[in-house]
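Working through the structure, step by step
The residues making up each chain are set out below.
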Amino acid sequence: KIEQYVEMVLGYLRTEDMSSDLKLSRCSLDRIIRDQIHKYAGIFVSKKLTLTYESISQDVLTDEKWLGFVIGQILSNALKYTPSGTVAVGWEQGQLCIRDTGIGIAPEDLPRIFEKGYTGCNGRADKRSTGIGLYLCRQIMEKLSHTIRIESEMGVGTKVYLGLDTVSL
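Scope of this entry: the structure provided in the associated data block. For clarity, every value in this text was computed on a predicted model and none was experimentally measured. (Residues numbered from 1 in each chain as written. Predicted model: local features only at pLDDT ≥ 70, side-chain atom pairs only at ≥ 80, totals over all residues. Heavy atoms only, no water.)

Some remarks on the packing of helix H4 (residues 64-80) against helix H6 (residues 133-143)
Counted only if it meets this: For helices, the fitted axis covers only the stretch in contact; all axes are lines through C-alpha atoms, and the angles between them, taken along N-to-C directions, range from 0 to 180 degrees. Helix and strand assignments come from DSSP, with helices taken as H or I runs of at least 4 residues and strands as E runs of at least 2, each series counted from the N terminus. Note that the term roughly parallel is reserved for angles under 35 degrees, roughly antiparallel for angles over 145, roughly perpendicular for angles of 65 to 115, and oblique for everything else. Take the far helix as your reference; a near helix turned counterclockwise from it by less than a right angle gives a left-handed crossing, and one turned clockwise gives a right-handed crossing. Contacts: residue pairs with any heavy atoms within 4.5 Å of one another. Residues are grouped as follows: nonpolar covers Ala, Val, Leu, Ile, Met, Phe, Trp, Tyr, Cys and Pro; charged covers Asp, Glu, Lys and Arg; every other residue, Gly included, is treated as polar.
Interhelical geometry of H4 versus H6 gives an angle of 150° and a closest axis separation of 10 Å. Our classification of the angle between H4 and H6 gives roughly antiparallel. In the packing of H4 onto H6, the handedness of the crossing is left-handed. Taken together, the residues of H6 that come into contact with H4 (itself represented by Trp66, Leu67, Phe69, Val70, Gln73, Ile74 and Asn77) are Gly133, Leu134, Leu136, Cys137, Ile140 and Met141. In terms of residue class, the contact of H4 with H6 is built from 10 nonpolar, three polar and no charged.

This is the structure in structure tokens:
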């Protein structure tokens, strides 16, 4: 957890002038996802959560490190707010979708979840939320010319869609 928070702080500091750190190239989306899943494997096991993932054979034009940061942050949130059930990673509607069966996000919080420092009712109840993770995700995705969109329903779960620039294989 300490490593995760340090990574988030460094990510926050680096996003101020991220353009000098960008290295856009053709990257295997499957490899980026697998690296992040591997990073959180211990938490999946300790929480007894089911992970559903089938290999995604898409190459994307992106910065591997920064997209990995975003995917890792989304997985971290899914793990934090899913007490039991499933986290699934897949390709839906031409986008990467990370969905969980967690507690969901209140409808009144959804319009503000990408604001810096906004934690919403779940973050205040959890007391571990910083309100920086999704803010960073939006900033990074915009700088990479990718998109991020979230759908959620309280008590049902959350779906995060990442729109990426795919490259023909």
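As for the environment of cysteine 137
Under the convention used in this document: Classification of residues uses two cut-offs on accessible area relative to the type maximum, computed with a 1.4 Å probe and protein chains only: under 20% is buried, over 50% is exposed, and between them is partly exposed.
If you trace the backbone, cysteine 137 turns up in helix H6. The exposure class assigned to cysteine 137 is buried, which follows from its relative accessible area of 0%. With 65 residues separating them in the primary sequence, cysteine 137 and glycine 72 have C-alpha atoms 9.9 Å apart. In this structure cysteine 137 touches Val70, Gln73, Ile74 and Ile148, once residues within four positions along its chain are discounted.

A word on the sheet that holds strand S6 (residues 147-153)
Note the threshold: Whether two strands pair depends on DSSP finding at least two bridges between them.
An order of S2-S4-S5-S7-S6 is seen for the five strands of this open sheet, with the pairing classed as mixed. If you trace the sheet from one side to the other, it starts and ends with strand S2 (50-53) and S6, each paired once. Across the sheet, the mean angle separating the axes of adjacent strands is 15° when strand polarity is ignored. Examined bridge by bridge, strand S5 (residues 95-100) and strand S7 (residues 157-163) share five bridges and lie antiparallel to one another. Residue pairing in the sheet places isoleucine 98 in a bridge with valine 160 of S7. Most of the contacts of H6 go to S6, to which it runs at about 145°, and overall it touches S6 and S7.

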